[in-house]
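Here is how the chains run, residue by residue.
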Amino acid sequence: MATLQFREAILAGIDEEMARDERVFIMGEEVAEYNGAYKVTEGLLEKYGFKRVIDTPISELGFAGIGVGAAMNGLRPIVEFMTFNFAVLAADQIINHASKARYMLGGQLSCPVVFRGPNASAGQLGATHSVAYDSMYAHFPGLTVIYPSEPDDAKGLIKSAIRSEDPVLFMESEQMYGMKGEVSDAEDYIIPIGKAKVKRQGDDVTVVATGKMVHVVKQAAVELAKNGVEVELIDPMTIKPLDMETILTSVKKTNRCVVVDEAHPFGGVAAEVGFLIQREAFDYLDAPVQRVTLPDVNAPFSKKLFDLWFPDAKQVVEAVNAVTYRG
Amino acid sequence: MATLQFREAILAGIDEEMARDERVFIMGEEVAEYNGAYKVTEGLLEKYGFKRVIDTPISELGFAGIGVGAAMNGLRPIVEFMTFNFAVLAADQIINHASKARYMLGGQLSCPVVFRGPNASAGQLGATHSVAYDSMYAHFPGLTVIYPSEPDDAKGLIKSAIRSEDPVLFMESEQMYGMKGEVSDAEDYIIPIGKAKVKRQGDDVTVVATGKMVHVVKQAAVELAKNGVEVELIDPMTIKPLDMETILTSVKKTNRCVVVDEAHPFGGVAAEVGFLIQREAFDYLDAPVQRVTLPDVNAPFSKKLFDLWFPDAKQVVEAVNAVTYRG
Amino acid sequence: MATKHKDIIFAPVGIDPTKNGKATGAASGKQSPLEKSVDLPAPTAANHKEAGLSKAQLHTMYEQIYLQRRFEERAMQMYQKGKFGGFLHLYIGQEAVSTGTVHALNDDDDIITAYRDHGWGLVRGVTPNEGMAELFGKATGCSKGKGGSMHFASVENHFWGGYGIVGGHIPIGGGIAFANKYQQNGRVTTCFFGDGAVDQGALHETLNICQLWKLPCIFVVENNGYSMGTAARRHTVNEIHERAKGYGMKSAIINGMDLFSVYKEMKAIADDVRKTSEPWFVEIRTYRYRGHSMSDPQKYRTKEELAEYQKIDPLEKLRGYLLENKLMTEKAVKDLEAKIDQQVLDAIDFAEESPFPENEALFEDMYAGEPYFHDKGNFES
Amino acid sequence: MATKHKDIIFAPVGIDPTKNGKATGAASGKQSPLEKSVDLPAPTAANHKEAGLSKAQLHTMYEQIYLQRRFEERAMQMYQKGKFGGFLHLYIGQEAVSTGTVHALNDDDDIITAYRDHGWGLVRGVTPNEGMAELFGKATGCSKGKGGSMHFASVENHFWGGYGIVGGHIPIGGGIAFANKYQQNGRVTTCFFGDGAVDQGALHETLNICQLWKLPCIFVVENNGYSMGTAARRHTVNEIHERAKGYGMKSAIINGMDLFSVYKEMKAIADDVRKTSEPWFVEIRTYRYRGHSMSDPQKYRTKEELAEYQKIDPLEKLRGYLLENKLMTEKAVKDLEAKIDQQVLDAIDFAEESPFPENEALFEDMYAGEPYFHDKGNFES
Ligand SMILES: Cc1ncc(C[n+]2csc(CCOP(=O)(O)OP(=O)(O)O)c2C)c(N)n1
Ligand SMILES: Cc1ncc(C[n+]2csc(CCOP(=O)(O)OP(=O)(O)O)c2C)c(N)n1
Ligand SMILES: [Mg+2]
Ligand SMILES: [Mg+2]
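One structure accompanies this document, and this report is about it. (Residues numbered from 1 in each chain as written. Chains lettered and ligands numbered in written order. Predicted model: local features only at pLDDT ≥ 70, side-chain atom pairs only at ≥ 80, totals over all residues. Heavy atoms only, no water.)

### Focus on the packing of aromatic side chains
Then step 1. Tallying each qualifying case throughout the model produces 58 aromatic pairs over all chains.
Then step 2. One aromatic cluster in this structure is built from Phe63, Phe81, Phe84, Phe115, Tyr133 and Tyr137 of chain A together with Phe140 of chain B.
Then step 3. Positioned above the aromatic ring of tyrosine 182 of chain C is the side chain of lysine 51 of chain A, whose terminal nitrogen or guanidinium carbon lies 4.2 Å from the ring centre.
Then step 4. When the ring centre of phenylalanine 363 of chain D is taken as origin, the NZ or CZ atom of lysine 376 of chain D, which lies over that ring, is 4.1 Å away. (Phe/Tyr/Trp six-rings, centres within 6.5 Å; stacked < 30°, edge-to-face > 60°. Lys NZ or Arg CZ within 6 Å of the ring centre and 35° of its normal.)

### Points about the site of ligand 1
Then step 1. Around ligand 1, the surrounding shell holds 22 residues, and the nearest of these are Glu60 of chain B together with Tyr115, Arg116, Gly164 and Asn224 of chain C.
Then step 2. Take arginine 116 of chain C: an N or O atom from its side chain is 2.7 Å from an oxygen atom of ligand 1.
Then step 3. Between ligand 1 and glycine 196 of chain C, the relevant distance is 2.9 Å, taken from an oxygen atom to a main-chain nitrogen or oxygen of the residue.
Then step 4. Across the complex, the protein chains shield 95% of the 590 Å² of accessible surface that ligand 1 would expose by itself.
Then step 5. The class makeup of the residues in the shell around ligand 1 is 10 nonpolar, 8 polar and 4 charged. (Near = heavy atom within 4 Å. Polar contact = N/O pair within 3.5 Å; in protein donor to acceptor, adjacent residues only side chain to side chain. Areas by Shrake-Rupley, 256 points an atom, 1.4 Å probe, with all protein chains shown as cover. Nonpolar A, V, L, I, M, F, W, Y, C, P; charged D, E, K, R; others polar.)

### What to know about the sheet that holds strand β3 (residues 189-194) of chain C
The strands making up a sheet associate through hydrogen bonds between their backbones, and the pairing can be parallel or antiparallel.
All names here are of chain C.
Then step 1. Here we have 6 strands laid out as an open sheet, ordered β2-β1-β3-β4-β8-β7, and parallel in their pairing. Each edge of the sheet is formed by a strand with only one pairing partner; in this case those strands are β2 (159-163) and β7 (250-255). Neighbouring strand axes in the sheet, compared pairwise and without regard to direction, differ in orientation by 15 degrees on average. (Pairing = 2+ DSSP bridges. Helix = DSSP H or I, 4+ residues; strand = E, 2+ residues; numbered from the N terminus. Axes fitted to C-alpha atoms, helices over the stretch in contact; angles between N-to-C directions.)

### Some details on the coordination of the magnesium ion (ligand 4)
Residues and elements named next belong to chain D.
Then step 1. Protein coordination at the magnesium ion (ligand 4): the donors are Asp195 (OD), Asn224 (OD1) and Tyr226 (O), at 2.0 to 2.1 Å from the metal.
Then step 2. Sequence positions of the residues that donate to the magnesium ion (ligand 4) give the spacing D-x28-N-x1-Y. Accessibility assignment for this pair places asparagine 224 and tyrosine 226 in one class, buried. (Donors = N, O, S within 2.8 Å, 3.2 Å for Na, K, Ca; no water. Buried < 20%, exposed > 50% of the residue type's maximum accessible area, 1.4 Å probe, protein only.)

### Focus: the sheet that holds strand β14 (residues 290-292) of chain A
Residues and elements named next belong to chain A.
Then step 1. The strand order across the open sheet built from 5 strands is β9-β11-β10-β13-β14, with neighbouring strands paired in mixed fashion. Each having just a single partner strand, β9 (197-200) and β14 make up the two edges of the open sheet. With strand direction ignored, the average angle separating the axes of adjacent strands in the sheet is 25 degrees.
Then step 2. Of the strands in this sheet, β9, β10 (205-209), β11 (231-235) and β13 (257-260) are in contact with helix α8 (residues 212-226), which crosses β11 at around 170 degrees. (Contact = heavy atoms within 4.5 Å.)

### A look at the nonpolar core
Then step 1. The biggest cluster of nonpolar side chains holds 204 residues, and the ones touching the most others in it are Tyr137 of chain A together with Tyr137 of chain B.
Then step 2. With residues up to four places along the chain from it excluded, the contact list for tyrosine 137 of chain B reads Phe84, Ala87, Val88, Ala91, Ile94, Ile95, Leu143, Val145, Leu169 and Met171 of chain B.
Then step 3. Residues Ile10 of chain B together with Ile9, Phe152 and Val282 of chain C belong to the second largest nonpolar core, which totals 116 residues. (Core = buried A, V, L, I, M, F, W, Y, C linked by side-chain atoms within 4.5 Å.)

### Considerations on the site of ligand 2
Then step 1. Around ligand 2 sit 22 residues, and of these Glu60 of chain A together with Tyr115, Arg116, Gly164 and Asn224 of chain D come closest.
Then step 2. Site remark: ligand 2 is flanked by residues from chains A and D.
Then step 3. Here a nitrogen atom of ligand 2 and a side-chain polar atom of glutamate 60 of chain A are 2.6 Å apart.
Then step 4. Coverage of ligand 2 by the protein amounts to 95% of the 590 Å² it exposes when considered alone.

### Some thoughts on the coordination of the magnesium ion (ligand 3)
By definition of the ideal shapes, four donors in a tetrahedron about a metal sit 109.5 degrees apart, and six donors in an octahedron sit 90 or 180 degrees apart.
Then step 1. Note on the magnesium ion (ligand 3): its protein donors are Asp195 of chain C (OD), Asn224 of chain C (OD1) and Tyr226 of chain C (O). The metal-donor distances range over 2.1 Å.
Then step 2. Spacing between the donor residues of the magnesium ion (ligand 3) along their common chain follows D-x28-N-x1-Y.

### Comments concerning the interface of chain C and chain A
Then step 1. If you look at the interface, chain C gives 44 residues, while chain A gives 50 residues.
Then step 2. Both sides together, the interface formed by chain C and chain A hides about 3900 Å², and carbon and sulfur atoms give 65% of it.
Then step 3. There are 1 salt bridge connecting chain C and chain A.
Then step 4. Note that aspartate 375 of chain C is salt-bridged to arginine 279 of chain A, the shortest N-O span being 2.5 Å.
Then step 5. At the junction of chain C with chain A, the criterion picks out 26 residue pairs in polar contact (both at pLDDT 80 or more).
Then step 6. Elements supplying a minimum of two residues to the side of chain C that touches chain A: β2, α7 (169-183) and α8 (201-213) of chain C.
Then step 7. Here the side of chain C that touches chain A gets 11 residues from one element, more than from any other, and that element is α7 of chain C.
Then step 8. Looking at the side of chain C that touches chain A, its residues break down into 22 nonpolar, 15 polar and 7 charged. (Buried area = accessible area lost by both parts, 1.4 Å probe. Salt bridge = Lys/Arg side-chain N within 4 Å of Asp/Glu carboxyl O.)

Set out below in structure tokens:
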């Protein structure tokens with residue numbers, strides 16, 4: 001096991017896939033000569049040259065579409081968005097083209113493109129730089145959405161994403177890029193898309209979380225354990241396909257569930273998971289499923305308001321207290 | 001009461017507001033000389049002239065942004081998208097600007113713009129012309145989303161939308177434009193945003209639906225009534241603000257609920273409503289909330305596949321049977 | 001107030017003088033309604049030899065033009081009979097563009113276009129049977145009935161399909177060219193779109209990137225004078241081909257009613273692209289005879305304008321040319337036409353008799369890899 | 001394979017010769033790294049009289065330039081001290097653009113810009129106190145601490161703010177101009193953005209519409225040579241001001257390091273817009289001295305390039321001009337500078353001492369009308 005930063009783990013996965021498959025290339029704003037706005041692509045230019053590591057203009061719609069076309073025509077593009085907030089400009093290519101072209105043409109082509117970059121908030125950047133887009137894209141048929149929380153998962157999953165025959169959105173977190181973790185150094189380490197991991201075992205309550213929220217829940221779990229409440233923490237890792245089986249197995253054991261989601265409440269991952277749990281495990285539930293999300297308010301800049309806005313361990317503890325009828 | 005087509009009801013509302021307020025204008029592709037791709041703006045050019053009824057190039061991002069800027073600077077734009085599928089190209093203006101500018105600038109400006117046009121499927125138009133976008137936009141703070149199902153509601157609500165001080169998405173249905181209904185001819189007929197209507201009373205099961213789905217449910221309700229199951233049909237009319245109070249009151253009476261939604265399942269309105277019901281009325285539920293949605297598949301062209309794909313009364317009946325533990 | 005807004009006009013006004021208001025001051029400018037539609041550049045090849053075409057090629061071209069025309073005329077009848085729904089955008093009048101281009105290109109050069117795609121499909125690998133079956137939504141359609149009129153394609157023949165989001169396929173065309181350059185396979189990509197698509201931001205982004213990266217792609221505006229009901233001069237400024245200037249991109253303007261010109265110019269451009277790997281921006285002026293789709297009252301144009309174009313109809317012109325120059329006998333023309341007529345009738349029978357897709361097909365072709373459908377269980381129950 | 005891809009380069013390569021590879025064939029072209037950054041057009045006004053500026057105006061201008069400079073230098077210190085987080089994009093070096101422009105415009109003409117907005121705010125209604133407090137995220141900030149560095153604004157003074165989505169505010173600028181024309185209030189809108197934003201589709205759509213509709217708007221590229229770490233020639237083709245050609249739009253190129261030129265040219269252009277209601281596309285060439293934001297290692301440029309610009313620093317130049325031409329005494333300059341120095345220090349104190357927003361503020365300013373927050377109850381519990 002090597003200790004890698006989150007960004008290094010993603011980089012390692014990309015590097016391995018580029019070495020393995022000449023068709024893989026990466027493009028995006030500042031990915032080449034600048035070595036990546038957040039240094040995820042550091043060193044790739046030097047290693048693979050200007051053909052395969054390509055700086056783009058600030059033309060999200062244009063270069064996303066070039067990625068889609070290149071994928072249709074035999075390549076394996078990795079398209080980096082500086083953040084998924086900017087990918088909103090490319091939404092037409094993701095929603096109307098990458099996810100639909102194959103079906104519309106009756107399977108005549110495929111579109112193995114990876115769109116990746118930081119998702120959700122990165123601190124005091126204000127309203128237009130802080131939104132979680134995983135649930136939005138998960139809504140649309142044909143898109144795979146991955147949102148890992150730890151370096152090891154990130155490495156194994158980015159490799160799967162690049163090998164996928166279909167369009168994948170791979171979401172990262174700017175705030176987690178520097179976070180270190182043990183990463184398997186098994187040769188060609190692959191984590192299959194669509195399998196959740198139980199990140200902590202516990203009998204009292206199931207908590208579901210992805211990305212940064214996994215770490216918020218871990219904090220809360222420590223608190224809760226002090227009071228004798230053992231959290232079972234499930235990290236789906238892939239928002240879509242969503243591994244409801246693992247979640248339901250846990251809920252059927254704990255009979256209680258909280259979903260923690262760094263999105264706004266309306267129709268986010270928490271709503272979907274919560275809905276499915278009540279439908280599939282109704283008779284097992286000892287309390288309604290609760291969720292912890294952002295409020296239905298844009299991201300404020302001010303540190304004080306930001307901290308209020310951002311989901312924290314205290315809110316998780318409260319939600320767990322609610323489903324366990326404590327406190 | 002006058003009998004109006006759905007399109008005529010919207011037109012009447014727009015017309016009244018344009019007559020009332022010189023700041024109101026309408027722009028979009030083919031709205032002026034062509035009288036509207038679906039004739040919703042018929043006659044407005046003749047009445048209000050080229051200043052206030054404006055044909056745009058096919059530049060959804062550009063003209064949506066011009067609407068946003070004009071709204072900030074004192075006007076009341078109505079921006080027509082030929083369908084909300086094309087508004088994906090303008091998503092940056094809706095999501096990153098219209099809904100956020102006011103907050104980011106600490107309330108220094110407001111953005112009273114109405115984006116409107118047909119939403120969801122319009123028959124055999126294939127994958128890129130058939131998506132329901134109401135839940136997607138409802139996810140984002142600051143956006144009001146209206147999706148009426150009947151001419152009377154449409155008229156009263158479009159007027160409220162135009163008078164709103166904040167950005168509103170007003171969604172229509174191409175397949176319903178010709179549908180006739182009684183429309184109040186009360187002077188200045190206004191329906192407040194955010195209030196659901198009980199469209200049918202019943203004691204056995206609550207069914208929540210908006211837009212076209214209201215009519216699918218009505219059909220199903222007739223079937224069900226034959227078997228002695230009385231549906232209480234709730235039409236929220238505005239997806240956001242969502243009138244959970246009316247829904248919960250009904251569910252607490254019927255103890256069962258089905259949500260019918262012309263969106264794909266993941267994170268759609270049905271997920272949100274279902275989640276909230278289980279959370280707020282857990283002890284009242286005699287069965288888990290069920291939903292009827294599109295499958296997680298793109299819209300097919302072929303009539304046969306399309307009919308399979310589209311939610312129908314039979315599915316609603318089955319879902320009601322499930323929550324009432326029948327058949 | 002009432003007086004004031006007489007003076008302000010935003011979008012330029014249309015052709016019907018009774019509705020126009022007075023286009024004065026800021027709103028005036030180019031007012032001739034026919035300006036963009038009729039203002040064809042001169043043909044650049046006086047005869048087929050000058051264009052570099054053989055007699056055999058001319059025969060094939062006539063067959064193709066006739067097929068496109070007849071196929072669509074019949075498709076329209078079928079639509080009116082209610083055989084299928086949705087949109088039906090006819091290419092009739094523009095066939096010289098598809099026909100000339102496809103001959104100017106190598107068979108493995110790539111073509112992508114918008115939703116007005118029947119002609120393109122028929123000249124590039126979609127058989128009449130597959131095309132008609134697609135319109136009917138049958139499993140035997142070129143896109144298995146999943147795409148319909150707007151999504152003809154024959155990817156194995158390098159026709160990447162029709163796309164329904166105006167401008168959406170423009171960057172995809174750039175991406176196809178990108179992959180060709182990356183793979184150094186020498187293929188040239190051609191990306192066709194309407195004058196309406198010129199106003200989409202996607203065009204600008206793609207042109208800049210393709211010029212910057214030297215992608216071997218020809219971007220072609222089929223300027224047929226109208227974007228739905230809006231005359232080109234009412235939706236886009238300047239002459240369209242002049243957009244290239246902003247990017248320092250090579251450009252051309254071609255008479256799209258003249259088959260020989262299209263062939264000759266597109267061949268020269270494709271040769272240049274193959275040699276230099278530099279992109280081009282080309283405006284081909286042409287005209288559509290039918291409405292935008294089937295429900296278009298066509299009040300935005302005059303019968304006279306339409307008639308003017310029909311005088312130089314590419315089908316009639318080629319037929320006349322072939323007969324006058326004794327490149328084909330009257331009988332040979334008749335036989336060919338009869339053969340195609342029958343082929344199209346057979347295609348209708350084929351479409352009629354073909355099965356609709358099986359129910360399972362709803363869930364097929366979504367994924368190239370392992371399929372996943374969220375909450376599918378709920379749907380099946 | 002390994003040999004092949006040496007030959008293919010997509011994006012033009014950068015300035016560091018050790019990394020460049022060989023830019024040959026298709027990838028070559030303009031290779032001088034300084035081309036876009038340094039290639040300033042000649043100043044168009046030799047002195048303040050030629051520019052049409054009074055002595056009093058010069059004094060105000062100096063005060064404003066000095067304020068912008070000093071404010072940002074201090075802001076940087078505060079950022080480094082950890083007084084606030086997020087991005088901090090400094091305008092230092094570009095102040096002649098904001099200062100010249102704001103004097104060329106009427107006070108009720110409209111200004112909108114991107115996230116590099118401190119200078120614009122300070123010349124158009126944001127007080128140093130309000131600005132510094134905004135950076136600190138305090139309730140007394142110009143945007144109540146909700147926007148931060150990227151969202152300075154003073155809407156009552158017709159400064160519509162800074163916006164963080166590159167290119168996103170360009171159509172909004174067009175919309176402000178639209179409303180001005182609609183209301184016939186004679187106001188001119190100016191919309192500023194960086195060279196990087198030139199590549200966004202929003203620009204193309206907006207230019208076409210504004211030219212078509214004759215909207216009274218000046219679109220100004222502040223070309224400071226770089227989009228983050230990417231030199232202009234590496235992200236955009238051709239000379240930027242030439243983009244106007246594609247739209248037949250009036251255009252200009254201005255030396256943005258020269259205050260007098262900016263003032264004189266922008267005034268002439270604003271006058272033209274006021275008279276004709278026709279839009280302009282203007283490229284002002286300038287330079288930023290600091291990194292893109294605070295974490296930029298700036299490997300993409302040489303110290304020599306930076307030094308070349310600093311030689312013609314607008315602040316130094318104006319100070320020199322004032323002294324040389326005896327328009328201000330050494331003492332008056334010193335006093336003025338001391339006054340501003342103090343004002344900025346006071347602003348820091350003001351920001352420090354100001355309260356953070358109340359918790360309730362989180363839910364304020366979302367709606368102009370009745371507020372609605374989905375599932376707020378859950379959040380409060
Ligand atoms: C993004 C988008 N906006 C609007 C439409 C609706 N629409 C379909 S075709 C069309 C006109 C396009 O005209 P043009 O590009 O000139 O092509 P033509 O129909 O003349 O071939 C419009 C507005 C669409 N399909 N996509
Ligand atoms: C749509 C979008 N894409 C990317 C970014 C990230 N980003 C912020 S500033 C910037 C560079 C812009 O450069 P330029 O327009 O030249 O302005 P300058 O910073 O030089 O003032 C980039 C890539 C963004 N904010 N928005
Ligand atoms: Mg056209
Ligand atoms: Mg710049």
